[in-house]
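One letter stands for each residue in the lines below.
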Amino acid sequence: MGGQPKKGGVALREKLNWLIHMQYVRQDYEVCLKTIEAHLKECRGLSEYPLYVKAMIKRQRGEIVESLQLFQAATCLNPHNTANLKQVGRSLYLLGRHKAALDVYEEALKLGSEDWEVWHSKGLCNFHLKQYDAAIECFKRANLVQRHDSTYMQLGKVYTLQEQYRTAIEVYTEALEFSPENPELLTTVGLLYLRLGENYKAFEFLGNSLTHDPKNAKTILATGSIIQDHSDMDVALVKYRIAAVQTPNSAQLWNNIGMCFFGKQRFVAAIACLKRALYLDPFEWIISYNLGLVHLNTGQYASAFHYFSTSINLKPDFPSSYMYLAITLSRLDDFENACSAYDKAIEMDEDHLFELNYAITLFNHDEVQKAAKHFAEFQKLFSRLDDEAKKADPEVSEQRDALEKALKAAIDAPEVS
Amino acid sequence: MAAVDPVYLALQRFRRHRYDECIQLCTELLVQNPYDQAVWYLKCRALTMLHWVDDTDFEEEGVADMLLDENATAALPRPGTSLSRPQTSTAIGAPGQGMRPLSASGRPLSGYARPGTGSARSGSRGGVEGAMQGARAGTARPVTALGRLVRLGTASMLSEAGGAFINVDRLDLRKYAARPALARALFDYILYHDHNPRKALELASLATVQTNYEDWWWKERLGKCYYMLGLFREAEKQFASSIKSQPMVVAHLQLAKVALRLDQPNKALELYQQGCEKFPSDTSLMLGIARVYEAINDPVKSVAQFKKVLGVDASNVEAIASLAAHHFYTDQPELALRFYRRLLQMGVSNPELWCNLGLCCFYASQYDMALSCLDKALTLASDDAMADVWYNVGQVAIGIGDLGLAYQAFKIAISVDSNHAESYGNLGVLELRKGNIDAARASFRTVQNLAPHLFEPFFNGALLAYKLGDFQESFDLASKALEIFPEHHDSIELLKLLRNHFTLL
């Protein structure tokens, strides 16, 4: 702020700027505030830089309204300083008054040259106003001026919100070229790949992120879930142990731990963990779903039924829940409702498992014709799968062979007898 | 019946706790012969028994005591040494705040409602506002005066026709002090019936002098008077001296109570321990220890103590209920269920118990039982417990995914008790799920005002404000949430994000 011509009173106002700046940069906020107060009193509040710094300190302490007023005062003193305007805009943005903030930024754009920060902030405001296209435009402009991690992050977030995951990943990878060691970026990319079902790539990114920030609970959770998917339960449990220290009350974490135990066939531990997860977050449908699965496995069909029905109540558009509900119902000897649950699942999604299970249930209740029909459907769907998927679950082919044999016998038998 | 001596009849009635009839009979007899000392004595005892309270129990602190508390020794006590800041002591192996909810006083919800456990202690938070809020269900009013000890004689004057039985001001206390048996009856009458500790004190001091300062009973009563007058240090001296002449359970209890009142939980523990050494099988002393441990947030030791109590007295309601609550919050609803069933077998049947049974059944996945228990609780519940029961019905409804029922249940809970903070909180969450952001925000704000001891509404509000882009509000609320629950990971994370936003240039 120095370097201005000194003439009489004006020079007086700026004589302590260097001191204030030093103290502010050293984060000596108490001392700094004292200096500022004394100086402001001396020049009756008409000094720009002290006001600016005071406002910054106030903001860092979370007193946004006061800081806004101070920034506005500074702007009044020097309306042509873009720094002041930007800060006013930022304060408005932090207070959630996005429209007002946008206006201020427009003003700033008129005054100054190209500035990535203004464009970036404009993008943020647009983002919060749910004007996503405008936001994307702004972020792109900001990146043209100067590239920044945060702009990339926000741009990716907008794309993710619009469910354009591929584009989002492109944005993030571009950002990674620019700063390859940002664990947050790495985690985000990993999670996106996970969402797209590309586990291998996801694992690569997440592992990379973990080397930079080994204690990030979110990353650990995601990594653990991938490891778990590959049935390496013990390794996953070790990972979760690190996360549990930091987030002992995380429902997702307990859910995953529970499923680890389930994978290790330790049902009591699994149920205990899942129940804790459910206690912590009763709205999470997947916990209920998992609890249903565990109970189904332990042969407690009534409990399993309750959990599946809870899960369906909370998330009615997940077809697998209906299939498991149907299996539970058939074990509880409610054939009719089991059938309608199967129908519902099949209506929602095509899956070879639905057809196979339906066929088995039908066959067990002597509906051989129908069973054969659904079995044929299953064969059709199963043949379409690639080899890897076919081998993924040996139980499926086992059941298929068993059912095939039984069906043949059943269809042949009545004609013989 | 006509042949029975009326004095004997009165005595029998006294023994059978039929005090009203006894008093009536005595009054008739006294009309015939006003100088019959036996009858006078009997009536005096009967009147006293009618108004007897067990003053070894801790009492609810009134507004005045809370606001003008001069007894706490330090404004910022060291961790684990004060009842007013229970969260400062860290307990290992105990369920955290995320698992076990807090009561208004900032300590984990106890399994047994005792006087003093529900209310916010002075200094814990809120000041005047906190003191005026009151923690009793069904009423927004706080306890005004010294709880049970209603103002001087107001309650008793009304009930007696023809004025008071004994006009204490006219008595020559010196004369009575010389007659030990009569003096004791008179003292109890003055203290428990008239609630006139000053006069009682006069009599007690005269009597102590008469007995050469050696009678434990009079010293203990002196202490009681001092305690009632708020002179805790003097009371402490008298109780200690009483124990010196003759160790008694009552005196130990009273002495520990004084220590608790002076906010010295560790000293109280020591006193109880001393008492336990002298009276190893007395449950009230053991319970005292357990209560103090619970109050300073050391559930592990308190549970051990409660177990010890149960070893001596297998049907102690307080111990059973506390253990049940402990097991419930440490993920063992099946065990809790057994404790509550034991209570039920003992003949306790109130809405709270049925409600707890219902919840245990629910978390132990016995759904059919859960609903019938809650049903039973609803039929038994009066207005002060109704809201809690409906709230728990709502919880169960969330548990089985029936959000419509949950919403209705919370609404009913609020309609019964418009200050039911937890219901507002859950209603807010449900509204948020429905997408009614403004309604959710309003609900959260209501809870924040109603129950400043819960961290959830603050965090929920902060998260919502953050998502809406109002970082200032979010920052304020998240900081408050952390004040209540310093280890809450999500709040810390949120605050970190906000700080990032603030420091970004």
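Calculation criteria
Residues numbered from 1 in each chain as written. Chains lettered and ligands numbered in written order. Predicted model: local features only at pLDDT ≥ 70, side-chain atom pairs only at ≥ 80, totals over all residues. Heavy atoms only, no water. UniProt positions renumbered as here; feature names shortened; annotations may be inferred. Helix = DSSP H or I, 4+ residues; strand = E, 2+ residues; numbered from the N terminus. Rg over C-alpha atoms; globule rule 2.2 N^0.38 Å. Buried < 20%, exposed > 50% of the residue type's maximum accessible area, 1.4 Å probe, protein only. Areas by Shrake-Rupley, 256 points an atom, 1.4 Å probe, with all protein chains shown as cover. Lys, Arg positive; Asp, Glu negative; His and termini not counted. Charge placed at Lys NZ, Arg CZ, Asp CG, Glu CD. Axes fitted to C-alpha atoms, helices over the stretch in contact; angles between N-to-C directions. Parallel < 35°, antiparallel > 145°, perpendicular 65-115°, else oblique. Left-handed = near helix turned anticlockwise from the far one by under 90°. Contact = heavy atoms within 4.5 Å. Phe/Tyr/Trp six-rings, centres within 6.5 Å; stacked < 30°, edge-to-face > 60°. Salt bridge = Lys/Arg side-chain N within 4 Å of Asp/Glu carboxyl O.

- As recorded in an unreviewed UniProt entry, chain B goes by Tetratricopeptide repeat protein 8 and comes from Prymnesium parvum.

- As annotated in an unreviewed UniProt entry, chain A is Bardet-Biedl syndrome 4 protein from Prymnesium parvum.
- Checking UniProt for chain A, the heading Sequence similarities (unreviewed entry) contains the comment "Belongs to the BBS4 family."

## Observations concerning the overall build of chain A
Phase 1 of the analysis: For chain A, the helix and strand inventory stands at 25 helices and zero strands.
Phase 2 of the analysis: For 417 residues, the compact-globule estimate of 2.2 N^0.38 gives 22 Å, and chain A exceeds it by more than 25% at 31 Å.
Phase 3 of the analysis: With the principal axes as the frame, chain A shows a C-alpha extent of 120 × 40 × 35 Å.
Phase 4 of the analysis: By the burial criterion, 47% of the 417 residues in chain A qualify as buried.
Phase 5 of the analysis: Approximately 21,300 Å² of chain A is accessible, and the part contributed by carbon and sulfur atoms is 52%.
Phase 6 of the analysis: Side chains of chain A carry 46 positive and 54 negative charges; the gap between the two charge centres is 11 Å.

## Focus on the packing of helix α20 (residues 319-331) of chain A against helix α21 (residues 335-348) of chain A
All names here are of chain A.
Phase 1 of the analysis: Here α20 crosses α21 at 165°, and the two axes come no closer than 8 Å. On the basis of their axis angle, the class for α20 and α21 is roughly antiparallel. For the pair α20 and α21, the sense of crossing is left-handed. Contact residues: P319, Y322, M323, A326, I327, L329 and S330 in α20; N337, A338, A341, Y342, K344, A345 and M348 in α21.

## Describing the packing of aromatic side chains
Two aromatic rings, taken as a pair, are described by how far apart their centres are and by the angle between their planes.
Phase 1 of the analysis: Enumeration over the complete set of coordinates arrives at 33 aromatic pairs over all chains.
Phase 2 of the analysis: Taken together, a centroid distance of 5.6 Å and an interplanar angle of 70° make the contact between Y52(A) and F71(A) edge-to-face. Linking Y52(A) in helix α4 (residues 48-60) with F71(A) in helix α5 (residues 64-77), this pair joins segments that are 19 residues apart in sequence.
Phase 3 of the analysis: For Y52(A), a relative accessible area of 17% translates into the label buried.
Phase 4 of the analysis: F71(A) sits in the buried class, given a relative accessible area of 0%.
Phase 5 of the analysis: With a centroid separation of 5.5 Å and an interplanar angle of 85°, the aromatic rings of F187(B) and W218(B) are classed as edge-to-face. Within this pair, whereas F187(B) is found in helix α8 (residues 180-193), its partner W218(B) is found in helix α10 (residues 216-228), the two being separated by 31 residues in sequence. For the pair F187(B) and W218(B), one class covers both residues: buried.

## Remarks on the UniProt feature "repeat: TPR" (unreviewed entry) in chain A
Residue and element names in this part refer to chain A.
Phase 1 of the analysis: As annotated by UniProt and renumbered to match this structure, "repeat: TPR" (unreviewed entry) occupies residues 82-115, 149-182, 183-216, 251-284, 285-318 and 319-352.
Phase 2 of the analysis: Secondary structure within residues 251-284 divides into 79% helix and 0% strand; the distance between the first and last C-alpha atoms comes to 8 Å.
Phase 3 of the analysis: With 82% helix and 0% strand, residues 285-318 has its two end C-alpha atoms placed 10 Å apart.

## Describing the UniProt feature "repeat: TPR" (unreviewed entry) in chain B
All names here are of chain B.
Phase 1 of the analysis: Mapped onto the present numbering, the UniProt feature "repeat: TPR" (unreviewed entry) falls on residues 351-384, 387-420 and 421-454.
Phase 2 of the analysis: For residues 351-384, the helix share is 85%, the strand share is 0%, and the end-to-end C-alpha distance is 10 Å.
Phase 3 of the analysis: Regarding residues 421-454, the helix share stands at 82% and the strand share at 0%, and the terminal C-alpha atoms are separated by 9 Å.

## Re the pattern of salt bridges
Residue and element names in this part refer to chain B.
Phase 1 of the analysis: One pass over the full model with this rule turns up 27 salt bridges over all chains.
Phase 2 of the analysis: Its salt-bridge partner being R184, residue D215 comes within 2.4 Å of it at the nearest N-O pair. Separated by 31 residues along the polypeptide, D215 in the loop between α9 (197-210) and α10 and R184 in helix α8 bring together distant segments of the chain.
Phase 3 of the analysis: R184 gets classed as partly exposed once you look at its relative accessible area, which sits at 28%.
Phase 4 of the analysis: Note that D470 is salt-bridged to R441, the shortest N-O span being 3.8 Å. Taken as a pair, D470 in the loop between α24 (456-468) and α25 (471-484) and R441 in helix α23 (residues 437-450) lie far apart in primary sequence, 29 residues in all. Take D470 and R441: they sit in the same class, and that class is buried.

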